[in-house]
Amino acid sequence: MNAKIHILLVEDEKSSCSYITALLGKSGYHITTAMSGREGLSLAASLCPDLILLDLDLPDLDGLKVLEQLRVWSHVPVIIVSVCNEEQEKVKALDLGADDYVTKPFYPDELRARIRTALRHSRRNAPSQIYRALNLEIDLDKRIAHLGGQRIHLTQIEYQLLSLLAENAGRVLTYNAMLRRIWGPYAEENNQILRVNMANIRRKIEKNPAQPQYLFTEVGVGYRMRENENG
Ligand code: CA
């Protein structure tokens, strides 16, 4: 089913390359590898892959530079593959237009899920109007949310935040991206107001806010909502 999906992997570490290539090959993806940033940019232009997996730490160009140059002309989904403790770099990459990231070492299922979500978002013209996962259902048209059949009462800001996350279910959204989308382009880079609202939403939809089932915190980066089971 994935036979024609072509993924460009820009990664200089041989062991990582062979691991990812084998993993994704088994899932039926066609993989091309670039061992440097410049080679990655040139293959992105000549091959027009469906998705790019981009390492941030490359021998020639910084991965962020590769992304910046790529975004001048291409909307191809990009997933950053980074090592731990690079929160700042991840946030920069997401703000520069990366679609998501995975942190090494990652579970095979995690990488496959990120790829599926990024491909789905890039292909869909109109996002699904119903979000459904476990006991939560959000009708994005009617602006109504139900938990276990009970209507959830949300303030306007809470609803806007929840629907933004639901429309991007499965992908990470950075604090700044959320602040700008809800409070406008000149929103102060003040996470406090966002945190307070997110805590309120969690109290309303999570059975145990300390062990969320729907809204996950990506430490130092932003939030990610559980994937939409409605497709
Ligand atoms: Ca590297």
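Everything below is about the structure shown above.
Residues numbered from 1 in each chain as written. Predicted model: local features only at pLDDT ≥ 70, side-chain atom pairs only at ≥ 80, totals over all residues. Heavy atoms only, no water.

1. Re the side chain of arginine 114
Stated formally: Secondary structure elements follow DSSP: runs of H or I no shorter than four residues count as helices, runs of E no shorter than two count as strands, and numbering proceeds from the N terminus. Residues count as neighbours in contact if any of their non-hydrogen atoms are within 4.5 Å of one another.
Of note, arginine 114 is situated in helix H5 (residues 108–123). Apart from the residues lying within four places of it in its own chain, the contact partners of arginine 114 are Ile79, Asp100, Tyr101, Val102, Gly170 and Arg224.

2. Details of the environment of aspartate 62
Which entries qualify depends on this criterion: Working definition: with a 1.4 Å probe on protein chains only, accessible area under 20% of the residue-type maximum means buried, over 50% means exposed, and in between means partly exposed. Identification of polar contacts relies on pairs of N or O atoms within 3.5 Å, with a donor-acceptor requirement for protein atoms, meaning one able to donate a hydrogen and the other able to accept it, and with residues adjacent in sequence counted only if both atoms are side-chain atoms.
Considering the arrangement of structural elements, one finds aspartate 62 in the loop between strand S3 (51–55) and helix H3 (63–73). When its relative accessible area of 36% is taken as the criterion, aspartate 62 is described as partly exposed. The spatial distance from the C-alpha of aspartate 62 to the C-alpha of arginine 38 is 9.8 Å, given a sequence separation of 24 residues. Among the polar contacts made by the side chain of aspartate 62, one reaches the main-chain amide nitrogen of leucine 64 at a distance of 2.9 Å.

3. Comments concerning the coordination of the calcium ion
Defined as follows: Listed donor atoms are N, O and S within 2.8 Å of the metal (Na, K and Ca: 3.2 Å). As water is not included, a site may look incomplete.
Distances from the calcium ion to its protein donors, Asp12 (OD), Asp55 (OD) and Asp57 (O), fall at 2.1 to 2.4 Å. All donors of the calcium ion come from a single chain, and their spacing in sequence reads D-x42-D-x1-D. Taken together, the residues span a long stretch of sequence, with aspartate 12 in the loop between strand S1 (6–10) and helix H1 (14–26) and aspartate 57 in the loop between S3 and H3 at a distance of 45 residues. The partly exposed category is assigned to aspartate 12, whose relative accessible area is 28%. With a relative accessible area of 57%, aspartate 57 lands in the exposed category.

4. Brief notes about the pattern of salt bridges
Operational definition: Put simply, a salt bridge is a Lys or Arg side-chain nitrogen that is within 4 Å of an Asp or Glu carboxyl oxygen.
Going through the model one piece at a time under the given rule, you end up with 18 salt bridges. Across the pair glutamate 227 and arginine 120 runs a salt bridge whose closest N-O atoms are separated by 2.8 Å. Placement of glutamate 227 in the segment after strand S12 (222–225) and of arginine 120 in helix H5 is noted, with a sequence separation of 107 residues between them. Put simply, Asp100, Glu110, Arg114, Glu218 and Arg224 are held in one network by salt bridges that share partners.

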